[in-house]
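Architecture and fold: a report
In case you want the letters, here they are:
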Amino acid sequence: MATLTLETLKRFYEQLWRIRLFEGYVQRLTGQGEIPGFPHLSTGQEAVAVGVCANLSRSDYLFSGHRAHGHVLAKGSDLYATFAEVIGRQDGLCRGRGGSMHLVDAANGFLGATGVVAGNLPLAAGAAFAAMERGDGRIAAVFFGDGATGAGVFHETLNLASLWQLPVLFVCENNGYAEFTSREEHSKVARVSAFASPYGIPARTIDGNDVLIVHEAAREAVERVRAGGGPRLLECMTYRMAGHFVGDAQRYRSKEEMAAMKEKDPIERLRRHLVDRGAAGSELEEIAARVKAELDATVERARRAPRPDPAGVLDWVYSADSVHPGRG
Amino acid sequence: MSAVELNFIEIIRRALDEEMSRDAAVYLIGEDVAAGGAFGATRGLVDRHGPRRVRNTPISEAAITGLATGAAICGLHPVLEIMFIDFATLAMDCLVNQTAKYRYMSGGQLSVPMVVRTQAGAAGGAAAQHSQSLESWFVHVPGLVVVAPSSPVEAYGLLKSSIRLGDPVLFVEHKRLYGMKEELPEGAGPLPIGKARVARSGTDVTLIAYSAMVRTALEAAENLARSGISVEVIDLRTLSPLDTETLVQSVSRTHRAVIAQEAVEIGGVGAEVAARLGSLAFGELKAPIARVGCPFAPIPFAPELEAALLPGAKQIEQAVREVMG
């Protein structure tokens with residue numbers, strides 16, 4: 001395992017906190033009615049986002065699903081523009097057209113979160129295909145949940161990606177739940193990685209709550225994919241500390257399960273690593289406090305940001321106005 | 001040297017070949033396309049442009065449509081073949097939720113320059129799952145362009161402009177047109193998207209059609225001319241966007257309108273055309289707008305039943321006579 005510098009670990013720590021606090025704000029503002037729609041929180045799954053994205057370059061393509069906030073931030077998107085999109089402002093990444101479930105930051109290689117489970121998988125294969133044809137050294141990665149394995153297009157895409165040896169990394173965040181239904185209730189196949197083998201795709205199942213384990217596994221996988229070794233699949237066992245969506249009463253989880261959650265917390269896990277490596281507790285607290293101050297200021301700025309002008313509601317339906325039935 | 005006539009399939013092949021030579025980002029993707037395609041439209045193109053750019057796929061409509069969409073947002077110009085429009089049902093999540101909306105949802109950051117070539121319509125006992133006319137489903141989705149050519153020469157120009165457009169296009173070819181032959185005029189090139197065509201000039205009634213139904217409409221117009229009724233036939237060419245201007249202009253001269261389509265009448269393109277004429281040309285109309293379409297049933301297998309269901313020149317002629325009073 002490549003040893004990461006203490007500085008890198010501190011950066012990961014900061015990133016984990018940034019996602020955690022971002023989700024906390026989304027939860028609170030949704031509860032207050034300031035954020036419309038159905039935001040899905042990635043609280044508890046931050047280590048997967050940070051560990052994988054640390055191995056991607058800015059120009060690599062990344063796709064995600066409905067639970068995408070952490071992925072966008074880990075890919076390096078601007079905190080303000082991301083929050084502004086989630087809250088539906090003109091300064092948002094997508095000018096308020098996408099929202100929480102459809103984040104896109106093309107300049108940063110984040111090509112899209114899709115709100116339909118498994119719909120993102122073939123898009124990533126297509127982006128990988130374009131990169132392969134251009135031979136520009138880029139790869140594509142896509143995050144999806146264990147629930148996606150129930151969709152036919154998951155299997156179609158694995159087959160196609162393997163057949164064409166596409167430079168794509170499939171990252172499953174196995175958080176144990178497909179919406180409200182546990183893995184045991186929706187599949188006889190316990191491990192998502194088991195689906196990769198019949199399609200000839202090397203796969204691993206790892207502890208997704210330890211950012212160092214995720215980082216190392218992703219480093220190895222990305223290296224092989226980038227070297228032309230075809231697709232890889234990484235199943236990251238993680239835990240969704242939040243409900244399926246903001247407001248989910250989570251009656252399907254036991255009290256014991258909720259209590260055991262803290263033990264799995266990726267932030268706590270990294271904090272212990274850092275302390276073992278000699279980081280001072282006070283310094284770690286400072287990092288968390290700094291991120292909180294950054295979030296506080298960013299969220300306030302986004303709340304005050306201008307709302308999209310209704311006059312532009314027909315913008316960007318088509319490239320050319322001449323083919324827009326409402327404008328042509 | 002006499003000019004060579006080409007059938008619909010041969011002309012599609014020529015347009016694809018020329019566009020692939022013009023633009024290295026154009027890729028052909030689909031089931032059997034490297035083998036020439038189920039109807040032969042891509043025959044030989046793998047030899048001319050290589051196996052990287054002419055790609056056979058597994059029978060995975062959802063994945064290949066997603067793959068083409070993902071490749072399009074990353075700079076390729078895929079031409080995807082969905083063998084029958086009936087099979088587009090398997091790709092609907094992607095086409096409706098991703099392909100059509102990518103540009104809008106991203107606030108204009110990304111666009112999807114791809115064409116989905118597909119084949120529709122009833123002929124020869126293809127039966128209920130290989131004969132449908134589902135184009136109106138796609139007309140209902142903002143972000144998609146829907147093109148339905150009526151002849152080989154039309155298909156040549158419209159396919160070229162579809163490939164060059166920069167937005168996702170559903171390009172619907174009618175299987176009954178595949179054997180139709182035409183001479184490709186010298187200098188033929190891309191045709192404008194969103195502009196209808198007057199296929200036959202007339203003064204008494206405007207007959208609006210698209211795809212293979214344009215031929216049927218022209219046949220009906222010819223028959224009606226013998227009874228002294230002058231019919232103007234309009235070929236819509238593109239169903240989304242719809243060229244309302246050309247329709248209103250024509251109806252403003254003829255004061256009567258009949259719309260003919262092969263798709264079931266309810267909720268179809270004809271309903272949209274009728275609604276627009278009803279609101280934009282109401283004062284010009286001397287008779288209610290008539291519609292001709294398929295009765296509300298799946299396409300049957302037996303030739304007698306298929307023929308009984310499909311609207312033909314007779315039904316159109318009757319509708320025209322009715323609006324003529």
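Rules of the game
- Residues numbered from 1 in each chain as written.
- Chains lettered and ligands numbered in written order.
- Predicted model: local features only at pLDDT ≥ 70, side-chain atom pairs only at ≥ 80, totals over all residues.
- Helix = DSSP H or I, 4+ residues; strand = E, 2+ residues; numbered from the N terminus.
- Rg over C-alpha atoms; globule rule 2.2 N^0.38 Å.
- Buried ≥ 20, exposed ≤ 12 C-beta atoms within 10 Å, placed from the backbone.
- Contact = placed C-beta atoms within 7 Å.
- Domains from an automatic or database assignment.
- Nonpolar A, V, L, I, M, F, W, Y, C, P; charged D, E, K, R; others polar.
- Pairing = 2+ DSSP bridges.
- Axes fitted to C-alpha atoms, helices over the stretch in contact; angles between N-to-C directions.
- Core = buried A, V, L, I, M, F, W, Y, C linked by C-beta atoms within 7 Å.
- Parallel < 35°, antiparallel > 145°, perpendicular 65-115°, else oblique.
- Left-handed = near helix turned anticlockwise from the far one by under 90°.
- Expected span 1.5 Å × (residues − 1).
- Arc of directions from axis to C-beta.

**So, the overall build of chain A**
- Looking only at helices and strands, one finds 11 helices and 8 strands in chain A.
- A globule of 328 residues ought to have a C-alpha radius of gyration of about 20 Å, and chain A, at 20 Å, matches this closely.
- A principal-axis box enclosing the C-alpha atoms of chain A has dimensions of 60 × 50 × 40 Å.
- Residues counted as buried form 52% of the 328 residues belonging to chain A.
- Taking the contacts inside chain A whose residues are at least 6 apart along the sequence as the reference set, 74% of them involve residues at least 24 apart.

**Remarks on the overall build of chain B**
- Of regular secondary structure, chain B possesses 12 helices and 14 strands.
- Taking 325 residues into account, the globule formula puts the C-alpha radius of gyration at 20 Å, and chain B, at 20 Å, falls close to it.
- In terms of overall dimensions, chain B has C-alpha extents of about 60 × 50 × 40 Å along its principal axes.
- Taken over 325 residues, chain B has a buried fraction of 58%.

**Focus: the domain arrangement of chain B**
All names here are of chain B.
- The domain boundaries assigned to chain B delineate domain 1 (5-183) and domain 2 (197-324).
- Using only C-alpha atoms to locate each centre, domain 1 and domain 2 end up separated by 26 Å.
- Across the contact, 24 residues belong to domain 1 and 21 residues belong to domain 2.
- When residues of the side of domain 1 that touches domain 2 are traced back to their parent elements, those giving at least two are α6 (135-139), β6 (145-147), α7 (152-164) and β7 (169-174).
- Taken together, the residues of the side of domain 1 that touches domain 2 break down into 13 nonpolar, 8 polar and 3 charged.

**Remarks on the sheet that holds β7(B)**
All names here are of chain B.
- On the basis of which strands lie adjacent, the open sheet formed by 7 strands has the order β3-β2-β4-β5-β7-β6-β12 and mixed pairing. At either margin of the open sheet sits one strand with a lone partner, and together these are β3 (54-56) and β12 (238-240). Pairwise comparison of adjacent strand axes, ignoring direction, gives a mean angle of 20° for this sheet.
- Sheet analysis places strand β2 (residues 26-30) next to β3, joined by 3 bridges and oriented parallel. Across the sheet, residue G30 finds its bridge partner in β3, namely N56.
- Along the sheet face, α7 touches β2, β4 (77-82), β5 (115-120), β6 and β7 and points at about 160° away from the line of β7.

**Brief notes about the nonpolar core**
- A:A124, A:V168, B:L207 and B:V258 are the most contacted members of the largest nonpolar core, which has 206 residues in total.
- When residues of this core are assigned to their parent elements, the largest contribution, 10 residues, is made by helix α5 (residues 120-134) of chain A.
- Three or more residues apiece are contributed to this core by two domains, here domain 1 (5-183) and domain 2 (197-324) of chain B.
- Filtering out sequence-adjacent residues up to four positions away, B:V258 remains in contact with B:V205, B:L207, B:A290, B:V292, B:I316, B:A319, B:V320 and B:V323.

**A closer look at the packing of α5(A) against helix α3 (residues 61-73) of chain B**
- Packing of α5(A) against α3(B) brings their axes to within 6 Å, and their N-to-C directions diverge by 50°. On the basis of their axis angle, the class for α5(A) and α3(B) is oblique. By crossing handedness, the relation of α5(A) to α3(B) is classed as right-handed. The segment α5(A) lies against α3(B), with A:P122, A:L123, A:A124, A:A125, A:G126, A:A127, A:F129 and A:A130 engaging B:A62, B:A63, B:G66, B:L67, B:A68, B:T69, B:G70 and B:A71.
- Considering only residue class, the contact of α5(A) with α3(B) consists of 12 nonpolar, 4 polar and no charged.

**What to know about helix α12 (residues 313-324) of chain B**
All names here are of chain B.
- Here α12 contains 12 residues, and its C-alpha end-to-end distance of 16 Å stays within 8% of the 16 Å for a straight helix at 1.5 Å per residue.
- Those residues of α12 not exposed but buried are I316, E317, A319, V320 and V323. One face of α12 carries all of its buried residues, which in axial projection span an arc of 160°.
- The inward-facing, buried residues of α12 contact β10 (205-209), α8 (213-226), β11 (231-235), β13 (257-264) and β14 (290-294).
- Within two residues after α12, G325 carries a phi angle of roughly 80°, on the positive side.

**Some thoughts on the packing of helix α2 (residues 46-53) of chain A against helix α8 (residues 211-226) of chain A**
Residue and element names in this part refer to chain A.
- Where α2 contacts α8, the axes come no closer than 8 Å and their chain directions differ by 35°. Considering only the axes of α2 and α8, their crossing is right-handed. Of α8, the residues touching α2 (which contributes A47, V48, V50, G51 and V52) are V211, V214, H215 and A218.

**Some details on the interface of chain A and chain B**
- Chain A puts 41 residues into the contact, and the matching count from chain B is 39 residues.
- For the side of chain A that touches chain B, the secondary-structure elements that each account for two or more residues are β2 (110-113), α5 and α6 (152-163) of chain A.
- If you tally residues by element for the side of chain A that touches chain B, the top one is α5(A), at 10 residues.
- Considered class by class, the residues forming the side of chain A that touches chain B number 23 nonpolar, 13 polar and 5 charged.

**Concerning helix α11 (residues 281-304) of chain A**
All names here are of chain A.
- Between the first and last C-alpha of α11 there are 35 Å, a value that for 24 residues agrees with the 34 Å anticipated at 1.5 Å per step.
- Listed as buried for α11 are V291, T298, V299 and A302.
- In the core, the buried residues of α11 are packed alongside α1 (6-31) and α4 (79-86).

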